[in-house]
Amino acid sequence: MSHNGMTDMKQTMMVVSMEEEWSSFKSLLQDSFGDKSHQLSFRSLGPNQVCDVTMDGRLVTLHYAVLKQDMTEEGTSQAVDSCFKSCAHGIRTFLLLIQGGRYTKKERRMIEMLQAYFGVEALKYLSVLSLEGGTVVDVLDDSLLELINVCDGRYCRITGSPATSDELGALLEMVDYMLTENGAAGYTESMLSEAKRRTTEDTAMKMLRQKVQEAEEKEQAFNQLVQQQEESRAREAEELKSKHAEERRKEAAEKRQYETKRESLDEAVRSHRAMLQLQTSTANDEDVRKTSVILLGLSGSGKSSAGNLILERAGNQYSVNENCRDSPEPTLACERKEVLAEGSRLILVDTPELWDEDGTENLELVKDCLALSLPGPHVFMLVLQVGRFTQGESEMLGHLQKIFGREFVEHTVVLFTRCDDNLHRAQRITDYVAGAHASLQDLIRKCGSRYYVLNVRNSQNALSYPQVKDLLSGINKLVASHGGGCYSTRRFSMEELKERKKVIEERN
Ligand SMILES: Nc1nc2c(ncn2[C@@H]2O[C@H](COP(=O)(O)OP(=O)(O)OP(=O)(O)O)[C@@H](O)[C@H]2O)c(=O)[nH]1
Ligand SMILES: [Mg+2]
């Protein structure tokens, strides 16, 4: 065996293996050198195991760091470091032990760890020893072949136990050759320092890269967050926009609804006004068709009673209990009442007695009754009690002609009341007139013989329907005979009477 001048130098091999392989190797060595115990010894050095073996006259010290599967990376590093330090005296090389040519995951991991700790330089001083006492693989694993290739073919086998001197010699020869080729000093401290420096640099670089990566990830996360926030803001803005659009749509719809409502209200107001105008104009039109009648006569002759009954019957109205019809109070002021009778307005102006005992007219009452009878008077109704014709009644026509003018009689009808009291049931009014005082007959004649009768009293009230009908028919004929025109006394201007009517209406 050529030692290349290195026989004098002590060789230390750091054995890289799992405990099982180390045990097998120790047994093999014991088997091989058992009878030459002086050539083999085992000892412990700190946590490491050391085997001194003298082969072919050379002392080779094997250092084994006990590596366990569950050791942490840091623990493994510490064990390896202490083992390396313990081989300080001698040429340091590495020996990987495998069983039966199997390069398992555990061994691969150890080689990775070796490289990580000692650097790639360590592989220049690594030899692989396959212990083949048991089963052996037919074909070497690719990764083992790759490792053997990196180790420049340094792969030895010990095929059985004990090992032959050739097998052990081949191992030593291979180591010698390795040292010759790669540097006789073996793996040195400076190589380790360099490896550590590189590792530190790598670590630093790695950390830097990691930090850069972290920073990049943070930036990416931040950008993502910003993007998410922007998207969420954009979404919110979009939602807000559509909400506003919806609100505007609603407002517009409400406004339209409001406008429509307002328009319909305006329309309602317009049509109401138009209706009012129409009613006003209709009312004005109806003025033409109004028949205005002034009731005249002595106090107590029955003007108010007759007037009320006429209005009731003409308007087709009737009291709930006609037996309870109240006797009216004596009339003190002129009063206008009207009713719609057969499509035309019938206006009755009730009056008190218009003259005093001396025959002097009450001018204010005269003006009042004329004012209230506007747009008439069309007819004067002279109310007389049946069976009563005193001096008062005989002078009455004269007074009235003084007040209203001589032609007033042409617009006058006579109405007899109290026929129930003073007329025999079978007696007709015509008979009564025919047998009446000459003065009464004269009065009736002057009034165009237009006389009528009305029963106000309860017992004969049924008669009042045809009586009122007869009376109204007579009134209409009289109005028609004057062409629908009203009577004018010419004593008072129309303006004065209108103004007076207004004042009375306002007063009431
Ligand atoms: N029995 C009967 N009584 C009547 C009739 N007409 C009126 N009277 C009554 O006669 C009284 C006087 O009637 P009024 O209607 O107040 O007479 P007036 O002409 O209005 O009297 P003044 O208002 O004072 O001018 C009342 O008590 C009436 O009830 C009638 O036809 N028959
Ligand atoms: Mg009266």
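Note that the coordinates shown come from a computational prediction; the quantities given were computed from them, not determined experimentally.

Caption draft 1: Main features of the coordination of the magnesium ion (ligand 2). For the magnesium ion (ligand 2), every protein donor is listed as Ser304 (OG) and Thr331 (OG1), and the spread of their distances is 2.0 to 2.1 Å. Taken together, the residues Ser304 in helix 7 (residues 303–314) and Thr331 in the loop between helix 7 and strand 9 (335–341) connect sequence positions 27 residues apart. The exposure class of Ser304 is buried, given its relative accessible area of 11%.

Caption draft 2: Just the site of ligand 1, in detail. Taken together, the neighbourhood of ligand 1 is formed by 19 residues, with Ser299, Gly300, Ser305, Thr331 and Arg418 sitting nearest. With respect to ligand 1, the side chain of Arg418 contributes an N or O atom lying 2.7 Å from an oxygen atom. Note that an oxygen atom of ligand 1 is positioned 3.3 Å from one of the backbone N or O atoms of Val456. With the chains in place, 89% of the 640 Å² that ligand 1 exposes on its own is no longer accessible. When residues of the shell around ligand 1 are traced back to their parent elements, those giving at least two are helix 7 and helix 10 (419–422). Within the shell around ligand 1, the residues separate by chemical class into 5 nonpolar, 9 polar and 5 charged.

Caption draft 3: Summary view of unusual backbone geometry. Cis geometry marks the peptide bond from Ser161 to Pro162; its omega dihedral reads 0°. Topologically, Pro162 is positioned in the loop between strand 7 (155–158) and helix 5 (165–182). The residue after Leu374, namely Pro375, is reached through a cis peptide bond having omega 5°. With respect to the helices, strands and loops of the structure, Pro375 is situated in the loop between helix 8 (363–372) and strand 11 (379–385).

Caption draft 4: View of the sheet that holds strand 5 (residues 91–99). Reading across from one edge, 2-3-4-1-5-6-7 is the order of the 7 strands in this open sheet, with mixed pairing throughout. Two strands bound the open sheet, and with one partner strand each, they are strand 2 (40–45) and strand 7. Put simply, the sheet's adjacent strands are angled 25° from each other on average, direction ignored. Looking at chain direction, strand 1 (residues 11–16) and strand 4 (residues 58–64) are connected through 5 bridges and run parallel. Bridge assignment links Met13 to a residue of strand 4, and that residue is Leu62.

Caption draft 5: Structural context of a nonpolar patch on the surface. A cluster of nonpolar side chains, contributed by Met205, Leu208 and Val212, occupies part of the molecular surface with about 270 Å² of accessible area. If you trace the backbone, Met205 turns up in helix 6 (residues 189–289). A relative accessible area of 40% means that Met205 is categorised as partly exposed.

What counts and what doesn't
Residues numbered from 1 in each chain as written. Chains lettered and ligands numbered in written order. Predicted model: local features only at pLDDT ≥ 70, side-chain atom pairs only at ≥ 80, totals over all residues. Heavy atoms only, no water. Donors = N, O, S within 2.8 Å, 3.2 Å for Na, K, Ca; no water. Helix = DSSP H or I, 4+ residues; strand = E, 2+ residues; numbered from the N terminus. Buried < 20%, exposed > 50% of the residue type's maximum accessible area, 1.4 Å probe, protein only. Near = heavy atom within 4 Å. Polar contact = N/O pair within 3.5 Å; in protein donor to acceptor, adjacent residues only side chain to side chain. Areas by Shrake-Rupley, 256 points an atom, 1.4 Å probe, with all protein chains shown as cover. Nonpolar A, V, L, I, M, F, W, Y, C, P; charged D, E, K, R; others polar. Pairing = 2+ DSSP bridges. Axes fitted to C-alpha atoms, helices over the stretch in contact; angles between N-to-C directions. Patch = residues over 30% accessible without salt bridge, like charges linked within 9 Å, V, L, I, M, F, W, Y side chains within 5 Å. Salt bridge = Lys/Arg side-chain N within 4 Å of Asp/Glu carboxyl O.

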